[in-house]
Amino acid sequence: MPSIFSKIIAGEIPCYRVAETADYLAFLDVFPLAKGHVLVVPKKEIDYLFDMETPLYLGLMEFAQRVAIAIKKVVPCQKVGVAVIGLEVPHAHVHLVPINTVGDINFSKAKMQIPAKELEDMALLISKAFD
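All of these numbers come straight from a predicted model, not from anything done at the bench.

**Thoughts on the sheet that holds strand 1 (residues 17-20)**
Here we have 5 strands laid out as an open sheet, ordered 1-2-3-5-4, and antiparallel in their pairing. The open sheet has two edge strands, strand 1 and strand 4 (79-83), and neither has a second partner. The average angle at which neighbouring strand axes cross in this sheet is 20 degrees, direction not considered. Summarising the sheet, strand 3 (residues 38-42) and strand 5 (residues 94-99) pair through 3 bridges and their orientation is antiparallel. Bridge pairing links Val 38 to Leu 96 in strand 5.

The following block contains the structure:
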């Protein structure tokens, strides 16, 4: 089922891309929990993460790991937290959130509003740090 992520992948909706392969895309969340909050998605439209075929799932996790390493190089944080919720958009995705406390990855808290220029700069920094 097409979703907002399908439109982002197709280039119909702009995003702040940080990394991309033939099968996966990573981009900044525009309503993040923290600066450097990235969404990692498979390009294939699959609603539920655990419905993914094993090779695609493992590839997504490997790609997410590489993105998390890049985030950690750029954003001052203790760790990059990982969350999979999957209720808000019907497209499998992984949240990578720079964290210093458990509360930093609380999806009930108010989302940040970051100016476009800061998002552009952050996307570029993470992209440059991506191996």
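The structure having been displayed, the exposition proceeds.
**So, the packing of aromatic side chains**
Enumeration according to the criterion identifies 5 aromatic pairs in this entry. Ring centres of Phe 5 and Phe 27 lie 5.6 Å apart, and the angle between their planes is 70 degrees; on these two criteria the pair is classed as edge-to-face. Within this pair, whereas Phe 5 is found in helix 1 (residues 4-9), its partner Phe 27 is found in strand 2 (residues 24-28), the two being separated by 22 residues in sequence. Considered together, Phe 5 and Phe 27 belong to a single accessibility category, that of buried residues. Relative to Tyr 57, the ring of Phe 50 lies with its centre 5.9 Å away and its plane at 45 degrees, an arrangement referred to as tilted. Residue class for Phe 50 comes out exposed when judged on its relative accessible area of 53%. A relative accessible area of 23% means that Tyr 57 is categorised as partly exposed.

Scoring rules and cut-offs
Residues numbered from 1 in each chain as written. Predicted model: local features only at pLDDT ≥ 70, side-chain atom pairs only at ≥ 80, totals over all residues. Heavy atoms only, no water. Pairing = 2+ DSSP bridges. Helix = DSSP H or I, 4+ residues; strand = E, 2+ residues; numbered from the N terminus. Axes fitted to C-alpha atoms, helices over the stretch in contact; angles between N-to-C directions. Phe/Tyr/Trp six-rings, centres within 6.5 Å; stacked < 30°, edge-to-face > 60°. Buried < 20%, exposed > 50% of the residue type's maximum accessible area, 1.4 Å probe, protein only.

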